[in-house]
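Per-entry structural report
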Amino acid sequence: WLSYMKIKQYTNAFIVKDDHVLLGYKKRGFGKGKYNGFGGKVEPEETSLQAAGCKEESGVTAPLEHAGSLLFVSEGVECAFQIEIYRTDTYEGAITESDEMRPEWFSAIAPTSSSAEVNLKGEGQASPSIPFSQMWESDPVWFPLLISKQKFVGRADFTRDGEEFKLHRWWYATV
Ligand code: 6OG
């Protein structure tokens, strides 16, 4: 029945720079209260790369590279979500907060005692590590691939318990 499902296309873009990743805290709308990359819907007349040029959300322009393609299917939801993931390690402009997203830097390397010095960013403050408990449940699966520049395709299926979605199964391949 999947072939009869509507597919909604979204983008998500991440700045990964000097062992840090920029995430946005979503202040409203879909995924409110979660950290995610910057992006949104792909409009019918634009390509996903155009849609991912997320100037309105993060304040910056960046040469985005395609990093992966994900399909999410959820119990009781009549459409599937296709999310194209992009990354960049350079950007122009100043990162700014919007009505929708509050940008924050996180350390992209696992916290070990020897990495403590590398974790320093900006004013010499240690950045927190990636807040997976406040992110979509499937993010820990593909995040290491994003960080290590390994391109991927994947699909995650969610079951539903009221308003809560639980990761049921997950498949991915590196490409
Ligand atoms: P607006 O509708 O607010 O954009 N999104 C997901 N991101 C991850 N990591 N996992 C998911 O499911 C997601 N489902 C949707 C795509 C919504 C934003 O939320 C992302 C869009 O960037 C497991 O414009």
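In case you missed it, the structure is sitting above this.
Note that the coordinates shown come from a computational prediction; the quantities given were computed from them, not determined experimentally.

The rules behind each value
Residues numbered from 1 in each chain as written. Predicted model: local features only at pLDDT ≥ 70, side-chain atom pairs only at ≥ 80, totals over all residues. Helix = DSSP H or I, 4+ residues; strand = E, 2+ residues; numbered from the N terminus. Contact = placed C-beta atoms within 7 Å. Buried ≥ 20, exposed ≤ 12 C-beta atoms within 10 Å, placed from the backbone. Arc of directions from axis to C-beta. Core = buried A, V, L, I, M, F, W, Y, C linked by C-beta atoms within 7 Å. Near = placed C-beta within 6 Å. Nonpolar A, V, L, I, M, F, W, Y, C, P; charged D, E, K, R; others polar.

**Focus on the environment of T174**
Checked against the element boundaries, T174 lands in strand β10 (residues 164-174). Separated by 24 residues in the primary sequence, T174 and Q150 place their C-alpha atoms 6.7 Å from one another. If we ignore the near neighbours within four places in the chain, the residues touching T174 are L145, Q150, K151 and F152.

**Details of helix α3 (residues 139-147)**
Along α3, the residues that are buried comprise D139, W142 and L146. Each buried residue of α3 sits inside an arc of 90° when the element is viewed along its axis, so together they form one side. Looking at the buried side of α3, the elements it contacts are β1 (6-17), β4 (65-74), β5 (79-88), β9 (152-161) and β10. Downstream of α3 by a residue or two, K149 has a phi angle that is positive, lying close to 60°.

**Thoughts on the nonpolar core**
A13, F14, V21, L70, I85 and Y86 are the most contacted members of the largest nonpolar core, which has 25 residues in total. Those elements that provide at least two residues to this core are β1, β2 (20-26), β4, β5, α3 and β9. Contact partners of I85, with chain neighbours within four places excluded, come to N12, A67, G68, L70 and L146.

**Notes on the site of the ligand**
Taken together, 16 residues surround the ligand, and among them Y10, G29, G39, G40 and W136 come closest. Of all elements in the fold, only β1 and β5 reach the threshold of two or more residues within the shell around the ligand. Partitioning the shell around the ligand into residue classes produces 7 nonpolar, 7 polar and 2 charged.

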